[in-house]
Amino acid sequence: MSSLVGLDVGTTGVKALAVSPEGEVLARIEEAYPLSMPQPGWAEQDPEDWWRATESALADLAVADIAGIGLTGQMHGLVVLDERERVLRPAILWNDQRTAAECAEIEERLGLRRLVELTGNRALPGFTAPKLLWLRRHEPEVYERIAHVLLPKDYVRLRLTGERWIDASDASGTLLFDVARRRWSEEVLAALEIPSKWLPPVLESPAVAGHTSDGVPVAAGAGDQAAGALGVGVDRPGPLSVVLGTSGVVFAALPAFAANPEGRLHSFCHAVPDGWHAMGVMLAAAGSLGWLRDVVAPGESFETLTAEAEPWPAGAEGLVFLPYLTGERTPHADPDARAAFVGLSLRHDRGAIVRAVLEGVAFGLRDALELLKELGVEPQAGRASGGGARSDLWLRIVASVLGVPLERVAVEEGAAYGAALLGGVAAGVFADVHEAVAACVRVRDRIEPEPAWADTYAHEYQRFRALYPALRPLEEP
């Protein structure tokens, strides 16, 4: 049986997934690698670790007759190479926070409104462009030797095929890309004084972007969120992708480019030719529940905790959780925002606190959905994924807060699954991305909103929205 392979170059390891043309998972291998944090707020990795892990994963996958390979992975990471394509320094990752000054400089040079018009985003420390400016200021000897700039999955492609390419969805996360026109932005590059010759040529996600030494076509691929959306069937406007991972995402495919003028959403090219998407990102979704478990119930399972929350009514008798444990992106773009519990009483036990966390995360996702609605998104359903989506209670809460039913798909393999579908298009197994999704993605079950909770959550959401502006002044040093 021919197989389609998806490679996901993640933050903690690479995942290799072999999928049949009918969507069945044939094999799965994960290989870990380390994360370096040489200073507080910094996050780096050795690109050679990605390649070694990829080689090992492909060897251990042990599937014959690979028809095509698709790539995905962590977005925004900066890989700089010299003229002989040698790595100049460790890659600076998406979660690195060293570039606040450079972000301010970018928004000052271009103006926030113009930056969002061109790139679909405001300048955030995770993006690629601020990292280049940081290198220019702090490591000029490295900056002067740069000949090529790549993102993480595209460095793996270079080692796999010997070719330098990038796809439009991943390029959208560099802050150097004209997202509406799907090409590098000459205006942004000129304003930031970054040479365009450093950047790889851009392809659409399912296009062939090189071949392995065995002649297997390798798709251009996609950033992890776009590939993950394909993996749950969000290939066109209609259902949302709702991710309850460590971070939380509400993702909507768009019929045309649109952006929030203040940059409170991310607007990127989708992994579908001539498609776009916008998404809101909260930094601590399932991560909030993980934090609570580690603090008050170490060793307990998430199932035990959520079972304790089940008896509590919607709204947890007025207890509200603000889920800003590591700052927040959507809707506040505030790295210094902090979490809080408000409304605690003697009646509240551990189950009530868990319920408040589940609801607080749902309210954070609702913030993202409200911004998406301003762009014209009219969701009829959401496709839920991530570790938190295993909890029926949490999905009932999220569905009720968002006001849309949530569906789970039969195969929950994240971005690697979407990458495998792109590999299938590149190989000619599918005519296009839509055919790949139709052939492979199937809905497993559906969670409806609870009508009895609607009024309570409408009221509690307004209380939730009032908390950030009320508490933020108290968090100043």
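Computed from a predicted structure; not experimentally measured.

## Overview of the overall build of the protein
Now for step 1: A count of helical and extended segments in the protein gives 16 helices and 24 strands.
Now for step 2: For the protein, the C-alpha radius of gyration of 22 Å lies close to 23 Å, the compact-globule estimate for 477 residues.
Now for step 3: Dimensions along the principal axes, computed over C-alpha positions, put the protein at roughly 65 × 55 × 40 Å.
Now for step 4: Out of the 477 residues belonging to the protein, those deemed buried represent 59%.
Now for step 5: The long-range fraction of contacts in the protein, counting pairs at least 24 apart against all pairs at least 6 apart in sequence, stands at 73%.
Now for step 6: Put simply, the protein shows about 17,900 Å² of open surface, and 51% of that area lies on carbon and sulfur atoms.

## With respect to unusual backbone geometry
Now for step 1: The linkage connecting Thr330 with the following residue, Pro331, adopts the cis geometry, with an omega of 5 degrees.
Now for step 2: By secondary structure assignment, the location of Pro331 is in the loop between strand 20 (320–322) and strand 21 (340–342).
Now for step 3: Located in the positive-phi region is Asp65, a residue other than glycine, with phi close to 55 degrees.
Now for step 4: Positionally, Asp65 belongs in the loop between helix 1 (47–61) and strand 5 (66–73).
Now for step 5: In this structure, His76 takes a positive phi of about 75 degrees despite not being glycine.
Now for step 6: Tracing the backbone through its elements, the reader meets His76 in the loop between strand 5 and strand 6 (79–81).
Now for step 7: Under the relative-accessibility criterion, His76 is labelled buried at 6%.

## Some remarks on the packing of aromatic side chains
Now for step 1: Overall, the coordinates contain 12 aromatic pairs when judged by the stated rule.
Now for step 2: Aromatic side chains Phe321 and Phe341 sit 4.8 Å apart centroid to centroid with 35 degrees between the ring planes, which places their arrangement in the tilted category. Of the two residues, Phe321 is situated in strand 20 and Phe341 in strand 21; the sequence distance between them amounts to 20 residues.
Now for step 3: On the basis of relative accessible area, Phe321 is assigned to the buried category, the value being 1%.
Now for step 4: Judged by its relative accessible area of 27%, Phe341 is partly exposed.

## Looking at the environment of Val14
Now for step 1: When you line up the elements, Val14 lands in strand 2 (residues 13–19).
Now for step 2: As a C-alpha pair, Val14 and Leu203 span 189 residues in sequence and 23 Å in three-dimensional space.

## Comments concerning the sheet that holds strand 23 (residues 406–409)
Now for step 1: Pairing is mixed in the open sheet, where 7 strands are placed in the order 18-19-17-16-22-23-24. Here the strands that pair on one side only, and so sit at the sheet edges, are strand 18 (266–269) and strand 24 (443–447). Within this sheet the neighbouring strands show an average axis-to-axis angle of 25 degrees, counted without direction.
Now for step 2: Looking at chain direction, strand 16 (residues 240–244) and strand 22 (residues 382–385) are connected through 4 bridges and run parallel. Residue pairing for strand 22: Val243 is matched across the bridge by Ser385.
Now for step 3: Here helix 9 (residues 224–231) sits on the sheet and contacts strand 16, strand 17 (248–254), strand 19 (276–282) and strand 23; the angle it forms with strand 17, its principal contact strand, is near 75 degrees.

## A look at the pairing of strand 13 (residues 208–211)
Now for step 1: Alignment of strand 13 against strand 14 (residues 217–219), held across 2 bridges, turns out to be antiparallel. Across the sheet, Val208 pairs through a bridge with Ala219, a residue of strand 14.

## Details of a nonpolar patch on the surface
Now for step 1: Among the surface-exposed residues, Trp291, Val295 and Val296 lie close enough to one another that they form a single nonpolar patch of about 260 Å² accessible area.
Now for step 2: Along the polypeptide, Val295 turns up in helix 10 (residues 286–296).

## Re helix 12 (residues 350–374)
Now for step 1: Along its 25 residues, helix 12 runs 37 Å from first to last C-alpha, staying within 8% of the 36 Å computed at 1.5 Å per residue.
Now for step 2: In terms of residue burial, helix 12 counts as a mostly covered element, since 20 of its 25 residues are buried.
Now for step 3: Regarding helix 12, its N-cap is Asp349, as a side-chain oxygen of that residue lies 3.1 Å from the backbone nitrogen of Gly351 further along.
Now for step 4: Where helix 12 ends, the next residue or the one after it, Gly376, has phi of about 100 degrees, a positive value.

## Notes on the side chain of Arg472
Now for step 1: Note that Arg472 resides in the segment after helix 16 (454–471).
Now for step 2: When sequence neighbours within four positions are dropped, the list of residues in contact with Arg472 reads Asp334, Asp336 and Ala337.

## Concerning the packing of helix 12 against helix 13 (residues 392–402)
Now for step 1: It is at 9 Å that the axes of helix 12 and helix 13 come closest, and there the two elements cross at 40 degrees. The angle between helix 12 and helix 13 places the two elements in the oblique class. In terms of crossing hand, the pair formed by helix 12 and helix 13 is right-handed. Listed contacts from helix 13 to Arg355, Leu358, Glu359, Val361, Ala362, Phe363, Leu365, Arg366 and Leu369 of helix 12 are Leu393, Trp394, Ile397, Val398, Val401 and Leu402.

## A few points about the pattern of salt bridges
Now for step 1: The final tally for this structure, using the stated rule, is 43 salt bridges.
Now for step 2: A salt bridge links Arg355 to Glu359, with the nearest nitrogen and oxygen atoms 2.9 Å apart. Highlighted residues: Arg355 and Glu359, both in helix 12, separated by 4 residues, approximately one helical turn.
Now for step 3: Under the relative-accessibility criterion, Glu359 is labelled buried at 2%.

## Considering the packing of helix 10 against helix 11 (residues 302–309)
Now for step 1: Two elements in contact, helix 10 and helix 11, have axes separated by 11 Å at closest approach and are oriented at 95 degrees. Classified by the interaxial angle, the pair formed by helix 10 and helix 11 is roughly perpendicular. Together, Leu289, Gly290 and Arg293 of helix 10 and Phe302, Leu305 and Thr306 of helix 11 make up the contact between the two elements.
Now for step 2: Of the residues that constitute the contact of helix 10 with helix 11, the class distribution is 3 nonpolar, 2 polar and 1 charged.

## Considering helix 3 (residues 112–119)
Within an α-helix, residues lying three or four positions from one another point in the same direction, as the helix has 3.6 residues per turn.
Now for step 1: Among all positions in helix 3, only Leu115, Val116, Leu118 and Thr119 are buried. Buried residues of helix 3 fall within an arc of 165 degrees about the axis and therefore sit on the same side.
Now for step 2: Against helix 2 (100–110), strand 10 (177–178), helix 8 (186–192) and strand 18 lie the buried residues of helix 3.
Now for step 3: Two residues or fewer past helix 3, Gly120 is found with a positive phi of approximately 80 degrees.

Rules of the game
- Here the residue numbers are simple positions, counted from 1 along each chain's written sequence.
- For this predicted model, a pLDDT threshold of at least 70 governs which residues receive local features, and a threshold of 80 or more governs which side-chain atom pairs are given and counted, while totals over whole chains, interfaces and linings are taken from all residues.
- Remark: hydrogens and water are excluded; side-chain values derive from all non-hydrogen atoms of the structure.
- Helical segments are the DSSP runs of H or I of at least four residues, strand segments are the runs of E of at least two, and each set is numbered from the N terminus.
- The reference for a compact globule is 2.2 Å times residues^0.38; the radius of gyration itself is calculated from the C-alpha atoms.
- Any residue under 20% of the maximum accessible area for its type is buried, any over 50% is exposed, and the rest in between are partly exposed; the area is computed with a 1.4 Å probe on protein chains only.
- By definition in these notes, contact holds between two residues if any of their heavy atoms fall within 4.5 Å.
- Shrake-Rupley sampling with a 1.4 Å probe provides the accessible areas, and residues are treated as covered by the protein chains on show and by no other component.
- Pairing of aromatic rings covers Phe, Tyr and Trp, the last through its six-membered ring, and needs centres within 6.5 Å; plane angles under 30 degrees mean stacked, over 60 mean edge-to-face, and all others mean tilted.
- Any two strands between which DSSP finds at least two bridges are classified as paired.
- Only the stretch in contact is used when a helix axis is fitted, and all axes are lines through C-alpha atoms; the angle between N-to-C directions ranges over 0 to 180 degrees.
- Within this analysis, patches are made of residues with over 30% relative accessible area and no salt bridge. Like charges are joined at 9 Å or less; nonpolar side chains (Val, Leu, Ile, Met, Phe, Trp, Tyr) at 5 Å or less.
- In what follows, salt bridge is the name for a side-chain nitrogen of Lys or Arg lying within 4 Å of a carboxyl oxygen of Asp or Glu.
- Given the number of residues in a helix, its expected span is that number minus one, multiplied by 1.5 Å.
- Nitrogen and oxygen atoms within 3.5 Å of one another constitute a polar contact, given that in protein one can donate a hydrogen and the other can accept it, and given that sequence-neighbouring residues count only through two side-chain atoms.
- Any angle from 65 to 115 degrees is called roughly perpendicular, while one under 35 is roughly parallel, one over 145 is roughly antiparallel, and all others are oblique.
- Should the near helix be turned counterclockwise from the far one by less than a right angle, the crossing is left-handed, whereas a clockwise turn marks it as right-handed.
- Classes in brief: Ala, Val, Leu, Ile, Met, Phe, Trp, Tyr, Cys and Pro nonpolar; Asp, Glu, Lys and Arg charged; the others, Gly included, polar.
- Note that the arc is defined by the directions from the helix axis to the C-beta atoms.

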